[in-house]
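Examination of the molecular architecture
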Amino acid sequence: MRDMVILSSFLRRVLWLDAASCLGMGVLLAALAGTLGGALHLPVTLLRESGLFLLLFGFVLAWMASRAALPRWLLWLVILGNALWALDSLLLLPLGLVVPNLPGEVFLVAQALFVALLAMLEYRGLQAAAAQPA
């Protein structure tokens, strides 16, 4: 079972936090994409599709957090996915892929930093689990 990771209470809590934040943001973005798009000057389609993805991802994370052990590769997929989400969110601005107003910029940066924090915490949890004797 070397490729399986027993979830510590820390890693389990971080996965639950990630799941809850994805589900909450997913509902917000999917349900209020039009309102948020107008208020933040962000594309409605981007917000709605991101929200739908986050709902799916949140349910997967909740399932993962409810397990006693998970494959190491699956945890790495979550960590790398979160890191990529954060990076992509930040790159939207300097690449000019979106042109939000100031509240929209703050929204993009704040959620990117939160997701990067989750990735870091999940990485720390995975590293701590790897250091535990089998």
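Summary of the structure given here. (Residues numbered from 1 in each chain as written. Predicted model: local features only at pLDDT ≥ 70, side-chain atom pairs only at ≥ 80, totals over all residues. Heavy atoms only, no water.)

Now for the side chain of S50. As for its placement among the helices and strands, S50 is situated in helix α3 (residues 44–65). Among the polar contacts made by the side chain of S50, one reaches the main-chain carbonyl oxygen of L46 at a distance of 2.7 Å. (Helix = DSSP H or I, 4+ residues; strand = E, 2+ residues; numbered from the N terminus. Polar contact = N/O pair within 3.5 Å; in protein donor to acceptor, adjacent residues only side chain to side chain.)

Within the largest apolar cluster, 28 residues are counted, with the highest numbers of intra-cluster contacts made by L15, L61, M64, L70 and L75. Of all elements in the fold, only α1 (9–31), α2 (33–40), α3, α4 (72–91) and α5 (102–131) reach the threshold of two or more residues within this core. For this core, the leading source of residues is α3, giving seven residues. Those residues in contact with L15 that sit more than four places away from it in its chain are L7, L61, M64, A65, L70, L75 and E122. (Core = buried A, V, L, I, M, F, W, Y, C linked by side-chain atoms within 4.5 Å. Buried < 20%, exposed > 50% of the residue type's maximum accessible area, 1.4 Å probe, protein only. Contact = heavy atoms within 4.5 Å.)

The subject of this paragraph is a nonpolar patch on the surface. Among the surface-exposed residues, L84, L87, L91, L95 and L97 lie close enough to one another that they form a single nonpolar patch of about 490 Å² accessible area. Along the chain, L91 turns up in helix α4. Look at L91 and you get partly exposed, because its relative accessible area is 34%. (Patch = residues over 30% accessible without salt bridge, like charges linked within 9 Å, V, L, I, M, F, W, Y side chains within 5 Å. Areas by Shrake-Rupley, 256 points an atom, 1.4 Å probe, with all protein chains shown as cover. Salt bridge = Lys/Arg side-chain N within 4 Å of Asp/Glu carboxyl O.)

Moving on to unusual backbone geometry. One can expect most non-glycine residues to show negative phi and most peptide bonds to be in trans. If you check the backbone angles, H41 has positive phi at about 60° while not being a glycine. Of note, H41 is situated in the loop between α2 and α3.

Moving on, we get to α1. The terminal C-alpha atoms of α1, which comprises 23 residues, lie 33 Å apart, in line with the 33 Å expected from a rise of 1.5 Å per residue. Among the residues of α1, L11, V14, L15, D18, A19, C22, G26 and L29 are the ones counted as buried. Residues of α1 that are buried in the fold lie against α2, α3, β2 (69–71), α4 and α5. (Expected span 1.5 Å × (residues − 1).)

Counted under the stated rule, the structure contains three aromatic pairs. Relative to F57, the ring of F53 has its centre 5.7 Å away and its plane inclined at 15°; by these criteria the two rings are stacked. Here F57 and F53 lie together in helix α3, a separation of four residues that amounts to about one turn. Residue classification places F53 among the partly exposed residues on the basis of a relative accessible area of 41%. Ring-pair connections join several aromatic residues into one group, and the members of that group are F53, F57 and W85. (Phe/Tyr/Trp six-rings, centres within 6.5 Å; stacked < 30°, edge-to-face > 60°.)

These results come straight from atomic positions and should not be treated as a statement about function.
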